[in-house]
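Overview (structure and organization)
These are the residues of each chain, in order.
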Amino acid sequence: MALLAILQYPDSRLYTVASPVITVDDEIRRLIRDMAETMYAAPGVGLAATQVDDHRRVIVIDISETRDHLQVFVNPEIVTSSGTATCEEGCLSVPGIFDKVARAERISVRAFDAQGKTFTLEAEGLLAVCIQHEMDHLEGKVFVDYLSRLKQRRILAKLKKQKRLVM
Ligand code: NI
């Protein structure tokens, strides 16, 4: 297993649209393991392959308190969605920034698991938010893209300042 480097906003590679996985093979399973290790170490509740500069449609999520319920989605697709819910979001690619984003309240998502088996999952609450947030990454979209220009400028300024501080 290996820890992967997480791209930091506004890295242009975060704007890459990911390609579907053709076969869920050992190489994809290695990517999934490395992504999970990277997410747990960060620590975060979700990670998209885009964020580790691998542009295939893979996301990993663990919203459990105990950090032992890994959920893997390969080639995820939203089948149905309903309602609207606004939740404060953060992102491992945008450290220290949190803001409200409106998304569907309930979704039904179809994907392949790490064994290449297809499954459909009904999700709501934090899990629904997280799945939609990570799926956005696969489309080359970061949550701050939903915010106003003014907020985006403030976030860029704040991130620059943070970078100076760690140097
Ligand atoms: Ni994110």
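Cut-offs used in this document
- Residues numbered from 1 in each chain as written.
- Predicted model: local features only at pLDDT ≥ 70, side-chain atom pairs only at ≥ 80, totals over all residues.
- Heavy atoms only, no water.
- Donors = N, O, S within 2.8 Å, 3.2 Å for Na, K, Ca; no water.
- Helix = DSSP H or I, 4+ residues; strand = E, 2+ residues; numbered from the N terminus.
- Buried < 20%, exposed > 50% of the residue type's maximum accessible area, 1.4 Å probe, protein only.
- Contact = heavy atoms within 4.5 Å.
- Core = buried A, V, L, I, M, F, W, Y, C linked by side-chain atoms within 4.5 Å.
- Phe/Tyr/Trp six-rings, centres within 6.5 Å; stacked < 30°, edge-to-face > 60°.
- Polar contact = N/O pair within 3.5 Å; in protein donor to acceptor, adjacent residues only side chain to side chain.
- Pairing = 2+ DSSP bridges.
- Axes fitted to C-alpha atoms, helices over the stretch in contact; angles between N-to-C directions.

Those protein atoms acting as donors to the nickel ion are Cys-91 (SG), His-133 (NE2) and His-137 (NE2), and they sit at 2.1 to 2.2 Å. We note that the donor set of the nickel ion lies within a single chain, spaced as C-x41-H-x3-H. You can see Cys-91 sitting in the loop between strand E4 (85-89) and strand E5 (99-103) and its partner His-133 sitting in helix H2 (residues 125-138), a full 42 residues away along the chain. Like His-133, Cys-91 is buried.

Let us now look at the environment of Arg-110. With respect to the helices, strands and loops of the structure, Arg-110 is situated in strand E6 (residues 106-112). On the accessibility criterion, Arg-110 (38% relative accessible area) is partly exposed. In this structure, Arg-110 is in contact with Asn-75, Pro-76, Glu-77, Val-79, Thr-118, Phe-119 and Thr-120, ignoring residues within four places of it in sequence.

Residues Ile-59, Ile-61, Phe-73, Ile-107, Ala-123 and Ile-131 are the most contacted members of the largest nonpolar core, which totals 16 residues. Put simply, the parts of the chain that give this core at least two residues each are strand E2 (58-61), E6 and H2. Of the residues forming this core, the biggest block, 6 residues, is contributed by H2. If sequence neighbours within four positions are ignored, Phe-73 has contacts with Arg-57, Val-58, Ile-59, Ile-61, Val-109, Ala-111, Phe-112, Phe-119, Leu-121 and Ile-131. Ranked by size, the runner-up nonpolar core spans 15 residues in total, among them Leu-47, Val-58, Val-72 and Ala-114.

Scanning the entire structure with this criterion turns up 1 aromatic pair. Between Phe-73 and Phe-119, the aromatic rings sit 5.7 Å apart at their centres with planes inclined by 50°, giving tilted as the arrangement. Of the two residues, Phe-73 sits in strand E3 (residues 71-82) while Phe-119 sits in strand E7 (residues 118-124), which places them 46 residues apart along the sequence. Using a relative accessible area of 23% as the deciding quantity, one classes Phe-119 as partly exposed.

Bringing the environment of Asp-34 into the picture now. Structurally, Asp-34 is set in helix H1 (residues 26-41). It is 23 Å that separates the C-alpha atoms of Asp-34 and Pro-10, two residues lying 24 residues apart in sequence. Within the structure, the side chain of Asp-34 is placed 2.9 Å from the backbone nitrogen of Ala-2, a separation counted as a polar contact.

Turning our attention to the sheet that holds E6. What the 5 strands build is an open sheet, ordered E1-E2-E3-E6-E7; its pairing is antiparallel. Edge strands, defined here as strands with exactly one partner in the open sheet, are strand E1 (46-48) and E7. Along the sheet, successive strands turn relative to each other by an average axial angle of 40°, direction set aside. Looking at chain direction, E1 and E2 are connected through 3 bridges and run antiparallel. Bridging across to E2, Gly-46 finds its partner in Ile-61.

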